[in-house]
Amino acid sequence: MTYVFLQYYWWFLVSLLAALLVFLMFVQGANSMVRSLGWTAEGRRLVVNSTGRKWEFTFTTLVTFGGAFFASFPLFYSTSFGGAYWLWMIILFSFVLQAVSYEFQNKLGNLLGPQTFQWFLVLNGILGPLLLGGAVATFFEGSNFVVEKANFIDAGAVTPVISRWGNASHGLDALLNPWVLVFGLAVMFLARTLGTLYIINNVNDEDIRSRASVRLVGSAVPFVVLFVAYLVHLLLKDGYAWEAETGQIYMEPNKYLHNLLQMWPLLILLLVGVVLVLWGIVAEVLRGSKQNQSPLLAVSGIWPAGIGTVLTVLSLLLCAGWNYTAYYPSTFDPQMSLTIENSSSSYFTLNTMFYVSLLIPFVLAYIVYCWRKIDSRKLNSDELVHDEAY
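Residues numbered from 1 in each chain as written. Predicted model: local features only at pLDDT ≥ 70, side-chain atom pairs only at ≥ 80, totals over all residues. Heavy atoms only, no water.

**Student:** Lay out the overall build of the protein in plain terms, naming residues and giving numbers.
**Tutor:** A tally of helices and strands in the protein yields 16 helices and four strands. Compactness check: the protein gives a C-alpha radius of gyration of 22 Å against a globular reference of 21 Å for 390 residues, within 12% of the reference. Along the first, second and third principal axes, the C-alpha atoms of the protein reach 65 × 50 × 40 Å. Carbon together with sulfur atoms contributes 70% to the accessible area of the protein, which is approximately 17,700 Å² in total. Both charge centroids of the protein, one from 20 positive and one from 22 negative side chains, sit 11 Å from each other. (Helix = DSSP H or I, 4+ residues; strand = E, 2+ residues; numbered from the N terminus. Rg over C-alpha atoms; globule rule 2.2 N^0.38 Å. Areas by Shrake-Rupley, 256 points an atom, 1.4 Å probe, with all protein chains shown as cover. Lys, Arg positive; Asp, Glu negative; His and termini not counted. Charge placed at Lys NZ, Arg CZ, Asp CG, Glu CD.)

**Student:** Now, about the side chain of K255: what can you tell me, with residues and values included?
**Tutor:** Looking at where K255 falls in the secondary structure, it is placed in helix α12 (residues 255–262). If we ignore the near neighbours within four places in the chain, the residues touching K255 are K237, G239, A241, N323, Y324 and T325. (Contact = heavy atoms within 4.5 Å.)

**Student:** Can you explain unusual backbone geometry? Please cite residues and give values.
**Tutor:** Of note, the phi angle at N254 is positive, near 50°, even though the residue is not glycine. Accessibility expressed as a relative area gives 24% for N254, which makes it partly exposed. Even without glycine at this site, N323 takes up a positive phi of about 60°. Under the relative-accessibility criterion, N323 is labelled buried at 16%. (Buried < 20%, exposed > 50% of the residue type's maximum accessible area, 1.4 Å probe, protein only.)

**Student:** Residues and numbers for the pattern of salt bridges, please.
**Tutor:** Applying the stated criterion across every chain, the model contains three salt bridges. Here R209 and E206 are joined by a salt bridge, their closest N and O atoms 3.8 Å apart. Of this pair, R209 and E206 both sit in helix α11 (residues 206–236), three residues apart, roughly one helical turn. Its relative accessible area of 57% is what places E206 among the exposed residues. R211 is the partner of D207 in a salt bridge, and the nearest nitrogen-oxygen pair spans 2.7 Å. Of this pair, D207 and R211 both sit in helix α11, four residues apart, roughly one helical turn. Residue classification places R211 among the buried residues on the basis of a relative accessible area of 14%. (Salt bridge = Lys/Arg side-chain N within 4 Å of Asp/Glu carboxyl O.)

**Student:** Give me the lowdown on the environment of E284, citing residues and values where you can.
**Tutor:** Along the chain, the position of E284 falls in helix α13 (residues 264–288). Apart from the residues lying within four places of it in its own chain, the contact partners of E284 are L197, I200, L216, S300 and G301.

**Student:** So what about the pairing of strand β4 (residues 249–252)? Which residues, and what values?
**Tutor:** Bridge analysis of strand β3 (residues 239–242) against β4 gives four bridges, and the strand direction is antiparallel. Within β4, the residue paired with G239 across the bridge is E252. Hairpin remark: β3 followed by β4, antiparallel, with six residues in the connecting loop; positive phi at G247, about 80°. (Pairing = 2+ DSSP bridges.)

**Student:** Any details on the packing of helix α8 (residues 114–141) against helix α10 (residues 178–202)? Residues and values, ideally.
**Tutor:** One way to put it is that α8 packs onto α10 with a least axis distance of 7 Å and a crossing angle of 135°. When the interaxial angle is binned, α8 and α10 end up oblique. Like other packed secondary-structure pairs, α8 and α10 cross with a definite hand, here right-handed. Here I126, P129, L130, G133, G134, V136, A137 and E141 of α8 lie close against α10, whose contacting residues are W179, V180, F183, G184, L185, V187, M188 and A191. Split into classes, the residues belonging to the contact of α8 with α10 amount to twelve nonpolar, three polar and one charged. (Axes fitted to C-alpha atoms, helices over the stretch in contact; angles between N-to-C directions. Parallel < 35°, antiparallel > 145°, perpendicular 65-115°, else oblique. Left-handed = near helix turned anticlockwise from the far one by under 90°. Nonpolar A, V, L, I, M, F, W, Y, C, P; charged D, E, K, R; others polar.)

**Student:** Before we move on, could you go through the packing of aromatic side chains and cite the residues and values that matter?
**Tutor:** In the structure shown here, the tally under the stated rule is 43 aromatic pairs. Summarising the aromatic geometry, the rings of F59 and F95 are spaced 6.4 Å apart at their centres and angled 55° between planes, so their arrangement reads as tilted. Of the two residues, F59 sits in helix α5 (residues 55–72) while F95 sits in helix α7 (residues 85–104), which places them 36 residues apart along the sequence. Take F95: its relative accessible area is 0%, and that puts it in the buried class. Against the face of W371 rests K54, its NZ or CZ located 4.8 Å from the ring centre. (Phe/Tyr/Trp six-rings, centres within 6.5 Å; stacked < 30°, edge-to-face > 60°. Lys NZ or Arg CZ within 6 Å of the ring centre and 35° of its normal.)

**Student:** Could you give an account of the packing of helix α1 (residues 3–24) against helix α14 (residues 302–321), with specific residues and numbers?
**Tutor:** In the contact formed by α1 and α14, the axes pass within 8 Å of each other and the chain directions differ by 145°. Here α1 runs over α14; the crossing is right-handed. Along the contact surface, α1 presents W11, F12, S15, L16, A18, A19, L20, V22 and F23, while α14 presents I302, G306, T309, V310, V313, L314, L317, L318 and G321. The residue makeup of the contact of α1 with α14, split by class, is 14 nonpolar, four polar and no charged.

Structural data, given as structure tokens:
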């Protein structure tokens, strides 16, 4: 195995983890609508208990994604997680609120009351996908960071910090870019769409399902509009490319369009993913309107939409890092942009982790097994009397 192969391999794994994370944020999407899906206390508890069965998967995937990025591309980790400090701290704080809310909202001695913790879930459901989507958008739009590798070997350096932010905002300046907000909002509405599809499939309550069918259209329409707008912008914008021989960064017109055309399997993956997402949405809308007669539309919408989400996000992230593309551009100085070549771990580290990664299929098989056991029967109001209910 060559060093280049390992770099491409680990970018694929990191991208796959990110794609799975976006799909699993259906938990945040459903939580953001907990008060509109359930108009009664019992209805809200049903929604919370439905997402409460899966929130550990989302949180674990987020942590695993961060750990994999740190191990395989440590310079990105130190630059983004260290430089864009406030952006990531708000994201992590919102996920901490989620964990606390699930555990304590209906415990004895809860002085804040269940509704306060449900509002915390709503806050996480909005901020989590919005800010994570904004962070992913910086892979294409760039961030204001400085990389000074000389500080690592210069004993006389004033500060031995390799990466720092170019201003005092520590990552919040990315939200001033309208296209970052467009992509962040697209991810947020995607999470709400997936969350609605999940609740329809998982909760055995006609009142909640009928309400969710209406909310589905209200989330899916803005998602499609925002995603198509950003995709057109992405395919037409200049991208940060790099030369293999010199490592120099330069601007290439329509870089991401060229990536998809030159790596045509990714283009097919993207198109298949988009079609599956639309299939899942249309199937559920027609089911709710009693017009779903085709066997192709009889499947529960969460599964084609979920698979399509993974394929779409995976293709976009591979497009951001493969084919001599700077996956984390620096708007401060383009020559400081990060590529999978200049930001990866050593050959020894990547090679050692390669053998560890062979255990991933077994982990995924265990997750599928646990998921099937958890969803062996639909959630209903009878389960709210059990001790394990949230």
